[in-house]
Each structure stands twice: as C-alpha cells, then as structure tokens.
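A structural walkthrough
Residue-level listing of the chains:
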Amino acid sequence: PEADAVDIRAMRNAVHQFGLVGGEYDSKEDRLQQLLDRLPADAGATLILAGPSSAAAVGAAIDRCRRKAMAANAREKAERYKAVASLAQGGDLSAEHLEKWTCGRCTLSNAGLLDACQSCGGRRGAFPKVTVAVVDGRSESRGPQWEAASCQLVINYDFPRSGADYTRRLSALHPSAAKLTALPRVCYTFVKESELKSSANREVVILLRSTRLHVDDSKAAEFDSALELIEDTGEGDEGDDGDEEEGGEDEDDEEECDCAHCRGSIIGSTSYHPLLPLPGVQLEATSGVEVVRIPLRALEDFDKAVPFIAPRLPGHAATLICLHCLNVHTPWDGWEQYFAPPGFRGTLRVVLVLADGVSWHEYPDSALVGCGGSSWVDILDMDSMDRTDMLLERLVDHEAALLNGESERIVLMGMSQGGGQSMLRFLRSPLRLGGWIGSVCHVPTAPHTPRSRDPLIAAGRPSVNRDAPVRLLAGECDSVFPTGLVLRDAARLRNVGGFTNVEVEVRKRLAHEGPLEEPKPRKSGTSASAARSRSPRRVSPKKASPKKASPNKAVFLRSGSSKDFEAALLQRSKSFIKAERRVPELMFLQKHLPDMVDLSARDSPEAC
C-alpha cells in the first residue's frame, strides 16, 4: 500500500501525454524532431530515455536541432551587431530592430548585443538543455541511469517495460508541484500501434486509471486525454478489412462536408435575423443580427465575393469574425440571434468563415484528431496556419474599411480549432481590434508552435493589441485541451507575450463537446440543502415585498395583460437556458462583448 501511494503521488504530480508513432503516423525520428523544435528556451531541462539501439539516433537528432537553433541565434546576433555599428555612426534604428530588442516577458528595451534580458533574465532563442540516458532490461537492477529530480520534461523514446518502469522514470522530474505553472512536470511517451496490446501498456493504463480516482475533475480530464489514446477497448478489430473494401470508393466523399452551404457551392451569402423579443421594448426596424457566410477559399479572389457579402443594413455597431470548430461548418446555425447581447438594440454584423475541408489547418500528429487529447503539446502545422491567416487578414482589412477604419469595433472569435486560428490573427494584427473571445481552445504558441515561429516572440510582432481584452472559456472536463494546458498558455501569453488583459473562465462540468448533463436528483434521502443547491431559489409569496412595475412592463400592460408579460419573460428565460446548454460559447460572448466595443456607436447611413 505504501508503494502504491508513492506511485499515485508521482503519477498525480506529472502531466502525461502519449504520441502514436510509426506505421501511418510520423516516425519516431520525425516526432522527436517536432518536439525539440518546439521546446521553449525557458522550458527547463529535458531528459530523453532511449534503449541502446535508439540512443545513436536520438543523439543525432539533438545535434541537428541544436546546430539549427545556434545558427539562427548567430544570424540574429550578427544583425544586432550590424545595427549597433550603424547606430554608432549616427544612423537610426528601425522599428523592427527596436522590436527585436524588446523583451516580451517584461516589455523593457534591452541592449541589442545581449542574449538575455537585463531586467528579467529571459533568454532569446537559445536551445534548451537536453540530455540522453540509455535504459535497458538491466537498468532496474542497477538503479536509474539518470539524476533524480533533474528535469522538467521526460521523453520516453522507447516504451517502458512495465508500469513500475514507467513510474520509476518519473523520478527524474523536478519535485516542484507545477500543475498549472509555466513549467509543468511532463512525461511524453512514444507508442507504436503494436505496443497498444502489450502487457506493459496495460499496466500503464491501470496506473492512469487508478490515479484518476484520486484527482479533481480538471486533472481527471488530463488522464482521460491519455487514456483515450492508449487504452485498448477491443472495438473495431473485427470486420475492419471488409468495411474498407466496401467503403473505400466513398472514403473521399465521406470526408467532404454535406452542409447546405457546401452543397450550394456558395461564394458568399447574407441573412438577417431579428433580435430576440424583449417584452415592453420597441425595437427599430433595422435592429438585428446580419450574418455573413463566406468560404475561406472565396477570400483568395476576394473581389468576386465582396458583392455577395456587402452589408444590407446601414450603420452596424460592431463586427464579429467567427471561426467554427473542426469538422462542423454549422455549430451556430439556428442560434444566430444569440450573438447579440441582451439589451442590444442596434445592428450587429457577424461574419462566419467556412474552412476548406472543414479544417483550418493540417495536423502533423494525426492520431490526436481522431482520439485522445493534448495535455501538454498540440503539434501545430504553421505552414497551413499561415496560409489561412493570410486570407483572414484580407477579411479583417475589408471589415475595418466597412467601419470607416474603426477597426477597434471588430472582435475575433473562435471555438476549438477555430479559436487557435483566430487568435493567431489577433496576435499578428497590426490593426487595433476590440478584443478576442475563444472557447475550448488554446494559444498558438510554444510548445505547440516551433520556437522560430512563435508569434509571441517573432521579430517585428505588433504590440497594438497587448492591452486589448482576451477572454477564454475553458471546460473543467475538457479532455481535448485540458484546463492545465489552457492556463499555462494564458500565463505564457501574459509573461512572454506581454498581454495585460487576459482572463480565463474555467467552467465546471463543461467538456469539449459541450456541457455535461447534471446528475439526476435521488428520489429518496435527498436533504433539503442538497435540493436547494440543484434548483433555483424562489421568493416566498409571504416574504416578497410589493414592487412597482418596471418601465418595460408598464409599456407592455398598455396593450396586454400582466399575465402575458410574465409569460413572455418566462419564454425568454427558457430560451436562454436552452442556449446555455447548446451554445455556451455564445452566452460567454454575450457576457464579454459589451466590455470590448461600444455597441451604441453607429455610422450614419450616408457614411456607410
């Protein structure tokens, strides 16, 4: 029991992630290259555990990555020397050079020839400390071949021989409890498909499952993300070949989106949705939500699409540019009215961009698309993200022009994969924006992006939106992007990116797919206090003091009865409760949008 307690403590204090390699997935060498390219310079020490037959390949990969990082650092330093020499001769420094010399962590300018910030000590572009330890079958009897508590990241290049071997390797991690800090204790393990049915994998699954019983909901979601990837459920083994033969011809067709927008091959479309009725409030004829739908591919020849998405109503108060989640073009169809916050009486323009192939970018780690989650690293393909970002920049410029250049009335929004893609545009935007709102997503920064392409430390990065509001809704039960990953990325956004107005709301019982159903109340034995916690409070008729009718109710009573007014309010309340269950991201948007833009500001019809 004491040994079990030690194992559970070691498992509980680490972040566990597994990556499928070999076969149809990336090779071990490629996956290691991806991870080494993405380790932040301040990520702490990394230990790679490999078998005797793999040690040489691992060492070669480390040398390649180190030389690549040092060459890039030398080129940047040469540019700084050149700029300093020009400055000594009376020349002026460009804005780009000044930006390179500014520390994103503390936002103070530093001397150009230094590799570390004079104020906070943050390093620029250096390669992190990475070492290799060789493990074999005799390691257990000889004791560990590494120094205990010496690193922040352990990479199991070869799968451990048993569950005990897995926990033994965790001893290399630094003892500091870093569950939600910028430097978590991470154990990343390579897994071949053939190893999923091994006894060693079954023992590791038992370890994860037993530890899951002793953690809170947010940490349990991390364990779920690992279990979904490596747990062998035994489903789908029989009949797979036959299914492939029968459905092989239609495989490409099944991957294509079958929504009405794709079937119609639209270039762009505009629809109008009246605001939700509020009893006693007379709305203007032009009040409502104008929804524009435009495929991403239409932005390549944007001039053809512009007539199809031109505003039909003059003087919209603000523009929302929204990016959907992976594999679904229509998460908000039927809920368009809920983009507008309660009490809004003007016109809100909402631009829904439809990704090609229902995906904003490609995934190097394709196994995580179908199952499992990213408790530490979500390996992003920056080439495909850059292509999408270039097209979105055109759209943002166009919408800013429609607002007479008042780009601060534009808010970017995204959910899941669309959240990360929309935040990339927010981070890179040279225009002042109203803010960014995201749901069940994370920041596209290291370790998800390569060090050299991290938008938070990129040369010449804009700083105009560093004080703009950033609001992120995270799910406590989200196993795709667990809470720990989201909070670490938000901390990096503040500490490295210099963003000063970042807030993350962690919502209980919210999973990646949406809110979980509340447990049904027990029929007997339920205490009064427990019943009150599950049901809304009601005011006792005897205690309630009489109140004057609200102005809205007074207006409503001129043409209707008090009973009709109460019924209308009840219907409105029910609709919002339903929306909270089906589209919580839109209710989150309603909460924060009024703080980002002045919704009363409107252009005159002539100006528009």
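Before reading further, recall that the structure is shown in the block above.
First, a word on what this report is: a plain description of the structure on this page. Think of each chain on its own: its residues are numbered from 1, step by step along the sequence as written. The predicted origin of the model limits local features to residues at a pLDDT of at least 70 and limits the giving and counting of side-chain atom pairs to 80 or more, whereas totals for whole chains, interfaces and linings rest on all residues. By convention in this description, side-chain values take in all heavy atoms of the structure and omit both hydrogens and water.

Focus on the overall build of the protein chain
Here is the rule we go by: Strands here are runs of E lasting at least two residues and helices are runs of H or I lasting at least four, both read from the DSSP assignment and numbered beginning at the N terminus. Type-normalised accessible area, obtained with a 1.4 Å probe on protein chains alone, sets the label of each residue: buried when under 20%, exposed when over 50%, and partly exposed for intermediate values. Whether two residues are in contact is decided by their heavy atoms, any of which lying within 4.5 Å being enough. Each accessible area is a Shrake-Rupley result for a 1.4 Å probe, and residues are judged covered by the shown protein chains and nothing else.
In terms of helices and strands, the protein chain carries 20 helices and 15 strands. The buried share of the protein chain, taken over its 608 residues, is 49%. Summarising the internal contacts of the protein chain: among those between residues at least 6 apart in sequence, 77% fall at separations of at least 24. When the accessible surface of the protein chain is summed, it comes to about 29,300 Å², and 51% of that surface belongs to carbon and sulfur atoms.

As for the sheet that holds strand 11 (residues 435-439)
Here is the rule we go by: Strand pairing requires that DSSP identify at least two bridges connecting the strands. Interaxial angles span 0 to 180 degrees and are taken between N-to-C directions of axes, which are lines fitted to C-alpha atoms, for helices over the stretch in contact.
Strands sit in the order 6-7-9-8-10-11-12-13 across an open sheet of eight strands; the sheet is mixed. Of all the strands in the sheet, the pair left with one neighbour each is strand 6 (269-273) and strand 13 (502-507). Geometrically, the sheet is characterised by an average inter-axis angle of 20° between neighbouring strands, direction not taken into account. Of the pairings in the sheet, the one linking strand 8 (residues 318-323) to strand 10 (residues 410-415) comprises five bridges and is parallel in character. Within the sheet, the bridge partner assigned to Ile321 lies in strand 10 and is Leu412. Contacts from helix 20 (residues 584-596) reach strand 8, strand 9 (347-354), strand 10, strand 11, strand 12 (470-475) and strand 13, with the element oriented near 165° to strand 11.

Overview of helix 8 (residues 217-230)
Just so we agree on the cut-off: How far a helix is expected to stretch is found by multiplying one less than its residue total by 1.5 Å.
If you check helix 8, its first and last C-alpha atoms are 20 Å apart, about what 14 residues at 1.5 Å a residue would give, namely 20 Å. Helix 8 sits mainly inside the fold: 11 of its 14 residues count as buried.

A look at unusual backbone geometry
With the exception of glycine, the majority of residues adopt a negative phi angle, and the majority of peptide bonds are in the trans configuration. Residue Ala446 is joined to Pro447 through a cis peptide bond whose omega torsion reads 10°. Tracing the backbone shows Pro447 in the loop between strand 11 and strand 12. Even without a glycine there, the phi angle at Asn404 is positive, about 60°. Mapped onto the fold, Asn404 is located in the loop between helix 14 (382-402) and strand 10. Asn404 gets classed as partly exposed once you look at its relative accessible area, which sits at 41%. Its identity as a non-glycine residue notwithstanding, Ser416 has a phi of 55°, on the positive side. Looking at the secondary structure, you find Ser416 in the loop between strand 10 and helix 15 (417-428). The class for Ser416 is buried, based on a relative accessible area of 11%.

Describing the packing of aromatic side chains
Rule in force here: Pairing of aromatic rings covers Phe, Tyr and Trp, the last through its six-membered ring, and needs centres within 6.5 Å; plane angles under 30 degrees mean stacked, over 60 mean edge-to-face, and all others mean tilted.
For the structure shown, the criterion picks out eight aromatic pairs. Taken together, a centroid distance of 5.4 Å and an interplanar angle of 50° make the contact between Tyr157 and Phe190 tilted. Remark: Phe190 occurs in strand 5 (residues 186-192) and Tyr157 occurs in the loop between strand 4 (153-156) and helix 6 (163-169); sequence separation between them is 33 residues. Between Phe426 and Phe499 the ring centres are 6.1 Å apart and the planes differ by 40°, which places this aromatic pair in the tilted class. In this pair, Phe426 sits in helix 15 while Phe499 sits in the loop between helix 16 (483-495) and strand 13, placing the two residues 73 residues apart along the sequence. For Phe426, a relative accessible area of 1% translates into the label buried. Taking the relative accessible area as the measure of exposure, Phe499 reaches 7% and is therefore buried. Among the aromatic side chains, those forming a connected cluster through ring pairs are Tyr157, Tyr188, Phe190 and Trp376.

Digging into the pattern of salt bridges
Pairing is possible between side chains that carry opposite charge, provided their charged atoms lie close to one another. To be explicit about the condition: By salt bridge we mean one thing: a side-chain nitrogen of Lys or Arg within 4 Å of a carboxyl oxygen of Asp or Glu.
Applying the stated criterion across every chain yields a total of 30 salt bridges. Glu290 is the salt-bridge partner of Arg349, the closest N and O atoms lying 3.1 Å from each other. Of the two residues, Arg349 is situated in strand 9 and Glu290 in strand 7 (residues 288-295); the sequence distance between them amounts to 59 residues. A single burial state applies to Arg349 and to Glu290, both of which are buried. As a salt-bridge pair, Asp301 and Lys304 come within 3.5 Å of each other at their nearest N and O atoms.

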